[in-house]
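# Structural description and commentary
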Amino acid sequence: MFNDEKKEKVIKVCRELVKVKSYSGCESKIVNALKQIFKENNFDNIFVDNYGNIIGHIRGNKKGKKILMDAHIDTVPVIDEAKWKHNPFSADIEGERIYGRGTSDMKGALSAMICGASNFAQATNKEFAGDIYVAGVVHEECFEGVASRKISERLNPDYVIIGEASQCNLKIGQRGRAEIVVETYGKPAHSANPDEGINAVYKMSKLINEIKDMEMTHDEELGGGILELVDIKSSPYPGASVVPDYCKATYDRRLLVGETKSEVIEPILNIINKIKKEDKGFNAKAYYAKGEERCYTGEIISDERFFPAWKFTSEEEFIEKSFKALKDVGIDCEITYYSFCTNGSHYAGEKGIKTIGFGPSAENLAHTIDEYIEIEQLVKATKGYEAMAKSLLEE
Ligand SMILES: [Zn+2]
């Protein structure tokens, strides 16, 4: 039975988490708060890895499958607090909503996971086969999937539930993403005598135009394999009467299932080679952007920014089971796909683990001013996580 006491508990946990500021790379305070919250909710073990991810573990009385519920604990920063009606870190309740940075993305989901798992343990008196892990993951906001590699390595779960906002619908896939950098190199000269130099920006504009004409991949469910120019800069900047000898542009590429690192960059490299043959003065390079982030533990995570896509079919047994379990507790959900990138890129895209998305709130509330979560969504998700755990661990 989902009573008022359970509702108050999940609201309390959510408010506690929202009150702790936790920008990417600065999650140590929220990890401390979570240690306490896991304890209060009768988790059996709590551990923190060297990236600073925190995992709470509930152990069933029998051996069985392992479920991992994944929620990132970092949030995007509050840029202009004065624009907020509610203080972003006081977790005010007004009109059946909790306001604050991270309510929707995704401390609400994490609270619902903790309470859902704990309610399940209580209802069954831990007479179930398997293990439930709730992970609070660092550094997702600009480096999705990378810190979660540590978690899957340690736990090797059978199922992963991603809690990113889905308005309590089931998500069975997402496009991935990559960041591709292209550079052109020229020769500096005084702009009064441009013929003496090679203008790297002119070379870049040629390259950009050819890239624009590239034929893109498409997936019926996930959409287009977009390749969009997102920034460009030249050097020297400002130019001050100099022909620029360097230009750099970044592309955001949305990835479809099965697209590999080499396949995705190859057409751009081919264009570069083609132009080189036509134009002896053309010199360019294309490569994946590399990300590097420092964890609050001091550990550095770094890798190329390539986060693969993933997709399951609705006929998969674990999806049918989850769908039915949600319907049975009165959650009228639909099966769809995430439109953005999540830690599922690692679990399903890189490791092939059976992964599903289910989370409270609407995705368009993430990163907004006066971000909030509806208490009704929080309650629904708590029920949903309990129901999914129950059905996935059924023998
Ligand atoms: Zn998120």
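Located above this text is the structure these notes cover.
Summary of the structure given here. Source: prediction; values computed, not measured.

All right, on to the coordination of the zinc ion then. Every protein donor of the zinc ion is listed here as His72 (NE2), Asp105 (OD), Glu164 (OE) and Glu164 (OE), and their distances to the metal cover 1.9 to 2.6 Å. Given 4 donor atoms and angles of 53 to 144° at the metal, the environment of the zinc ion is assigned as irregular. Along the chain, the residues donating to the zinc ion fall in the pattern H-x32-D-x58-E. With a gap of 92 residues between them, His72 in strand β3 (residues 62-72) and Glu164 in the loop between β7 (159-162) and β8 (170-174) connect regions that are remote in the sequence. Taking the relative accessible area as the measure of exposure, His72 reaches 1% and is therefore buried. With a relative accessible area of 5%, Glu164 lands in the buried category.

Below, the discussion takes up the environment of Ile11. Here Ile11 lies in helix α1 (residues 4-18). C-alpha separation for the pair Ile11 and Tyr347, spaced 336 residues apart in sequence, amounts to 29 Å. With sequence-adjacent residues up to four places away left out, Ile11 is seen in contact with Ile93, Ile98, Ile375 and Leu378.

Glancing now at the pairing of β7. Covered by surrounding structure in β7 are Tyr159 and Ile161 together with Val160 and Ile162, the residues of both alternating faces. Here 4 bridges tie β3 to β7, and the two strands are oriented parallel to one another. Opposite Met69, over in β7, you have Ile161 as the bridge partner.

Core analysis: the largest hydrophobic core is formed by 81 residues, its most contacted members being Leu34, Met69, Ile132, Val134, Ile161, Phe358 and Tyr385. Per-element tally for this core: the top contributor is helix α3 (residues 103-124), with 10 residues. Of all hydrophobic cores here, the second largest spans 25 residues; its members include Met214, Ile271, Ala284 and Phe306.

Along its 12 residues, helix α7 (residues 317-328) runs 16 Å from first to last C-alpha, staying within 8% of the 16 Å computed at 1.5 Å per residue. Buried within α7 we find Phe318, Ile319, Ser322, Ala325 and Leu326. Buried residues of α7 fall within an arc of 130° about the axis and therefore sit on the same side. Projecting away from the buried face of α7 at angles above 90 degrees are the exposed residues Glu317, Lys324 and Asp328. Among the structural elements, β7, β8, β19 (335-338), β20 (354-357) and α9 (375-393) are those in contact with the buried residues of α7. Gly330, located one to two residues past α7, shows a positive phi value of around 85°.

Rules and cut-offs
Residues numbered from 1 in each chain as written. Predicted model: local features only at pLDDT ≥ 70, side-chain atom pairs only at ≥ 80, totals over all residues. Heavy atoms only, no water. Donors = N, O, S within 2.8 Å, 3.2 Å for Na, K, Ca; no water. Tetrahedral: all angles 85-135°; square planar, octahedral: opposite > 155°, others 65-115°. Helix = DSSP H or I, 4+ residues; strand = E, 2+ residues; numbered from the N terminus. Buried < 20%, exposed > 50% of the residue type's maximum accessible area, 1.4 Å probe, protein only. Contact = heavy atoms within 4.5 Å. Pairing = 2+ DSSP bridges. Core = buried A, V, L, I, M, F, W, Y, C linked by side-chain atoms within 4.5 Å. Expected span 1.5 Å × (residues − 1). Arc of directions from axis to C-beta.

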